Amino acid sequence: MTREEVLSEIQSRFGDVILDFFDKSAKRVYIELQPRALVPVARHLFAELGARFHIASGMDSRTHLEVLYHFSVEALNLLVSLRVKLDKNDPRVDSLASTIKAAAWIEREMHELLGIQFSGNQDLRRLLLSEEWPAGVYPLRRDYREWDPGAVRDRGV
Amino acid sequence: MPKSVISIGPYHPLQEEPEHFQLTVEGEKVVDIEVSVGYNHRGIEKLSERRSFDQATFVIERICGICSTSHPFAYTQAVEDIIPVEVPERAKYIRTIIAEGERIHSHLLWFGLAGHFLGYNTVYMWMWRLREEILDVMEILSGNRQNYAMFKPGGVRRDIKPEDIPLAIKKIDSILPTVDRLKKAILDDPVLHARLKGIGTLTKEEAIAYCALGPTSRASGVARDVRKDAPYGAYDRLDWNMIVTANGDVWDKAVVRLLELYESIKIMKHCLLNLPGGEIDLNLKSIPPGEGIGAHEAPRGETFHYVRSDGTNRPARHKVRAPTFMNLPTLKATVPGSSIADAAIILAAIDPCYCCTERMAVRSADGRKLYSGEELLRLSREKTSRIQKELGKR
Amino acid sequence: MKLPKLRELLEAVNSLVHRPYTSRFPFEPHTPYPSFRGQPKYDPDRCLGCLACEEVCPTEAIAHRDLTDDGTPRRVMIHYTDTCIFCGSCEAACIADHQGIRLSADWELSFFDRAKESFETIDKELAICEICGSVIACRDHLRWIAERLGELAFSSPTLYQTRLRELGIIDPILLEAARSFGREDRMKILCARCRRQTTLTTAAWPQGQEAGQGLT
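Computed from a predicted model, the values in this text were never measured in an experiment.

Definitions and limits used
Residues numbered from 1 in each chain as written. Chains lettered and ligands numbered in written order. Predicted model: local features only at pLDDT ≥ 70, side-chain atom pairs only at ≥ 80, totals over all residues. Helix = DSSP H or I, 4+ residues; strand = E, 2+ residues; numbered from the N terminus. Buried ≥ 20, exposed ≤ 12 C-beta atoms within 10 Å, placed from the backbone. Arc of directions from axis to C-beta. Contact = placed C-beta atoms within 7 Å. Nonpolar A, V, L, I, M, F, W, Y, C, P; charged D, E, K, R; others polar. Axes fitted to C-alpha atoms, helices over the stretch in contact; angles between N-to-C directions. Parallel < 35°, antiparallel > 145°, perpendicular 65-115°, else oblique. Left-handed = near helix turned anticlockwise from the far one by under 90°. Pairing = 2+ DSSP bridges. Core = buried A, V, L, I, M, F, W, Y, C linked by C-beta atoms within 7 Å. Domains from an automatic or database assignment. pLDDT = per-residue confidence, 0-100.

Enquirer: Whenever I open this one, the overall build of chain A confuses me. Can you help?
Expert: Counting its regular elements, chain A contains three helices and seven strands. For chain A, buried positions account for 38% of its 157 residues.

Written out as structure tokens, the structure reads:
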């Protein structure tokens, strides 16, 4: 399939859930989806097109939280990023871990660093933070403040 | 048979970085493995947000000592992808030279460690002595053996002087005969065949399901290499081969890395001898708002960086994904079913780089002294000497 | 297995005969390659005290202190050895043709006393405002700017007075001419605030006010 065929199929099949379609360059496409449509589109890319799942990157965009899922169709040198925007007060999205095994660890990481709930993922244990880290403190959020009075502050930074 | 749990880590004589494995064993066989990481977490993604785009390159370099070039390479490509813009030709060649030099030293390091786990300490010493030549080359070209400080968004920081190139080529050429000798010594050895063949097999379907990367996936027959799939740098300016084998066991992973050594030497020499003239830096003054993605084939697989800019001189978000993050979960597929003596070499076969995998605040991890890790090492070496005796008898 | 065994035997004999690969450091000194990035060192004659190195340093390993209370006003540039990452950004940013601070080949940098030995300093003479006493910039930096502006340097008395004072020339005719019109304060080395005030006023300095008190 050519690049145009791939993109037009995505647009025709999922057109009703696509909020924004940004064709940035020959290698990069950014698609914004409604959160409920994430799993079907991701399944289409991963299972049907055979695209590789790179990683998911979550970020705090001040007014909302957003998560980007990056897939690449290697034969076409095309990287498709699916964006979902989540409400900051109750960020939840369906889990991809059952469809794509590789997504299990990154969902654990985003859960503990940003506080995003992945419905359907039973295993959201801590991956990177230690057990002593207080619950409800999300380091990658903009409103994160240093909570540990015993942290060492050295010259420099 | 009753099950018992062997705990390896966090302080681990097998590898330099802290990690925690829990192997559930029944008798001699491993039935399950649980991988815990997070001991090296330093907060680098958050640190990037407090530095300018140019200064952040130095933080990114220090994510890992072995793959010190891979992260800046992917990061600078991500920043250049925001605009998007292409760096000058000479900068592309210099970046490729440094990246391939790093690949050579990293693979030699892995061979040394693999020899160490199997009990072949001679291989360990030889490979690391060979590494000294390539590290000298990196010192000549960039000024340091690690953390080369060569990359910046828009190009490279320092030029390669023409008078340094003959000495660099001479040193790279001096590695080849020894690699040839070691290749024959490794590939002919029946003890190594018995030790590594059929161990820790990762099937092609599992490699695709777990999205494994680098030599781990190429050994399982998945022909993926960012340098070929999405060419960047000088990788599409010359002919070189992607090494893919079919079986996916530890033996294949070793063979892939060995043959990649030859390809890297070829690429590095070609780029050094054919350096084009011109500028080395675009002198980017400001980065417009937007987002960019950069990827580079590190020695362990694909490094992926995502950078979001909001028009200031600092990244608004910087996501770093190292290859070991995707390769570690494959251990759940390769380790169960093997014997305990093989666990050490299977864990090492994915060439784990934990400091790449986790990048946030280190908390006082009270190191629990463990003796089971040393036990694993001893078991591994005992198996090797057992096989050596058996083959010696024949 | 016979042939490979021979190969390894030859290698073993080879290693026995040749001397070990490791050098006999510390009994033999080690000189790195010329391009090695070692300890950054200031050149007191070339450094201008412009603080460009401090701005770009990724780890904030360069700091400065302006001492105006005792003796000659001076700026102390401090480089912290234990925070430095030897990246070379300071040398790349140095406006004095990359000669004010340069990475030497020194790599044996360990010390015992962090409070005394973990940093290196140089002093640069400061130019301070003749009215309010606040810091303008280092003398050498002003001189550097004046040199590069050529004839345009004469637009700012701060710049050309610095240059003339350095050459040892203080023109009494200029000063007399200014005094008789009551704009004597323009012919002084001033900070930016005082410069604006003296340029925009035609009045003489208010009687009874002393230098160092600043303009209100």
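Enquirer: Can you help me understand helix H6 (residues 157-167) of chain C in this one?
Expert: Residue and element names in this part refer to chain C. For H6, the complete set of buried residues consists of Pro157, Thr158, Gln161 and Thr162. Mapping the buried residues of H6 onto a view down its axis gives an arc of 130 degrees, with all of them on the same face. Looking at the buried side of H6, the elements it contacts are strand S5 (119-128), strand S6 (135-138), helix H5 (139-149) and helix H8 (192-200).

Enquirer: Just checking my understanding: could you explain the interface of chain A and chain B for this structure?
Expert: Where interface size is given, it is often the accessible area lost as the parts come together that is meant. Counting residues at the interface gives 24 residues for chain A and 25 residues for chain B. Every element with two or more residues in the side of chain A that touches chain B is listed here: strand S3 (52-60) and helix H3 (104-114) of chain A. Considering only residue class, the side of chain A that touches chain B consists of twelve nonpolar, six polar and six charged.

Enquirer: Please clarify how the packing of helix H2 (residues 53-61) of chain B against helix H3 (residues 70-82) of chain B should be interpreted in this entry.
Expert: How two helices pack is summed up by the angle between their axes together with the distance between the axes. Residue and element names in this part refer to chain B. Two elements in contact, H2 and H3, have axes whose closest approach is 9 Å; the angle formed by their N-to-C orientations is 155 degrees. Put simply, H2 runs roughly antiparallel to H3. As H2 packs across H3, the resulting crossing turns out to be right-handed. Contacts between H2 and H3 involve Phe53, Thr57, Ile60 and Glu61 from the former and His71, Pro72, Tyr75, Thr76 and Val79 from the latter. Considering only residue class, the contact of H2 with H3 consists of five nonpolar, three polar and one charged.

Enquirer: Teacher, can you tell me more about the pairing of strand S8 (residues 315-321) of chain B here?
Expert: Regular strands show a simple pattern: their side chains alternate between the two faces of the sheet. Residues and elements named next belong to chain B. Taken across its seven residues, S8 has six buried, putting it largely inside the fold. One ladder, built from six bridges, connects strand S7 (residues 301-309) with S8; its direction is antiparallel. By the bridge assignment for S8, Tyr306 is matched with Lys319.

Enquirer: Can you help me understand the sheet that holds strand S2 (residues 20-26) of chain B in this one?
Expert: Strand pairing in a sheet relies on backbone hydrogen bonds. The paired strands run either parallel or antiparallel. All names here are of chain B. The three strands lie next to each other as S1-S2-S3, forming an open sheet whose pairing is antiparallel. This sheet does not close on itself; its edge strands, each paired only once, are strand S1 (3-8) and strand S3 (29-36). Averaged over all pairs of adjacent strands, the angle between their axes in this sheet comes to 20 degrees, without regard to strand direction. Sheet analysis places S2 next to S3, joined by seven bridges and oriented antiparallel. From the neighbouring strand, Val25 faces S3, where its bridge partner is Val30. Strands S1, S2 and S3 of the sheet are contacted by helix H14 (residues 340-349), whose axis makes an angle of about 150 degrees with S2.

Enquirer: So what exactly am I meant to see when it comes to the sheet that holds strand S2 (residues 28-33) of chain A here?
Expert: Residue and element names in this part refer to chain A. Strand order in the open sheet formed by five strands is S1-S2-S5-S4-S3, with mixed pairing between adjacent strands. In this open sheet, the two strands that pair with only one neighbour each are strand S1 (18-23) and S3. The mean inter-strand angle of the sheet, taken between neighbouring strand axes irrespective of direction, is 20 degrees. In this structure, strand S4 (residues 65-73) lies alongside strand S5 (residues 78-86), joined through nine bridges in antiparallel fashion. Across the sheet, Leu65 pairs through a bridge with Leu86, a residue of S5. Here helix H1 (residues 3-14) sits on the sheet in contact with S1, S2, S4 and S5, set at roughly 165 degrees to S1. Of the strands in this sheet, S2, S3, S4 and S5 touch helix H2 (residues 38-48), which is tilted by about 170 degrees from S5.

Enquirer: Help me understand the nonpolar core in this model?
Expert: Nonpolar side chains in soluble globular proteins generally cluster together in the buried interior. Core analysis: the largest hydrophobic core is formed by 181 residues, its most contacted members being Ala42(A), Leu82(A), Ala103(A), Ala114(B) and Ile345(B). Of all the elements, helix H4 (residues 89-118) of chain B adds the most residues to this core, at 14 residues. Two domains each donate at least three residues to this core, and these are domain 1 (40-128) and domain 2 (145-200) of chain C. Excluding anything up to four places from it in sequence, Ile345(B) contacts Ala114(B), Phe117(B), Leu118(B), Leu196(B), Ile199(B), Val250(B) and Ser380(B).

Enquirer: Can you help me understand the environment of Lys85(A) in this one?
Expert: Residue and element names in this part refer to chain A. Secondary-structure assignment places Lys85 in strand S5. Considered as a pair, Lys85 and His64 are 21 residues apart in the sequence and their alpha carbons are 6.6 Å apart. When neighbours within four sequence positions are excluded, Lys85 is seen to be in contact with His64 and Glu66.

Enquirer: Looking at this structure, how should I read the environment of Val256(B)?
Expert: All names here are of chain B. Relative to the elements of secondary structure, Val256 occurs in helix H11 (residues 250-273). On a C-alpha basis, the gap between Val256 and Ile243 in space is 5.9 Å, while along the polypeptide they are 13 residues apart. Excluding its chain neighbours within four sequence positions, the residues that come into contact with Val256 are Pro215, Arg218, Ala219, Ile243 and Thr245.

Enquirer: Please clarify how the confidence of the model for chain C should be interpreted in this entry.
Expert: If pLDDT is low for a region, its predicted coordinates should not be looked at in detail. Residues and elements named next belong to chain C. Overall, the predicted model of chain C reaches an average pLDDT of 83, with 84% of residues at or above 70. The least confident element of chain C, judged by mean pLDDT, is helix H7 (residues 172-180) at 57; the most confident is strand S1 (residues 40-42) at 95. Low pLDDT, under 50, characterises residues 207-216; the predicted model gives this stretch ten contacts beyond four residues in sequence or across chains. Under the prediction, the complex receives an ipTM of 0.93, its pTM being 0.87.

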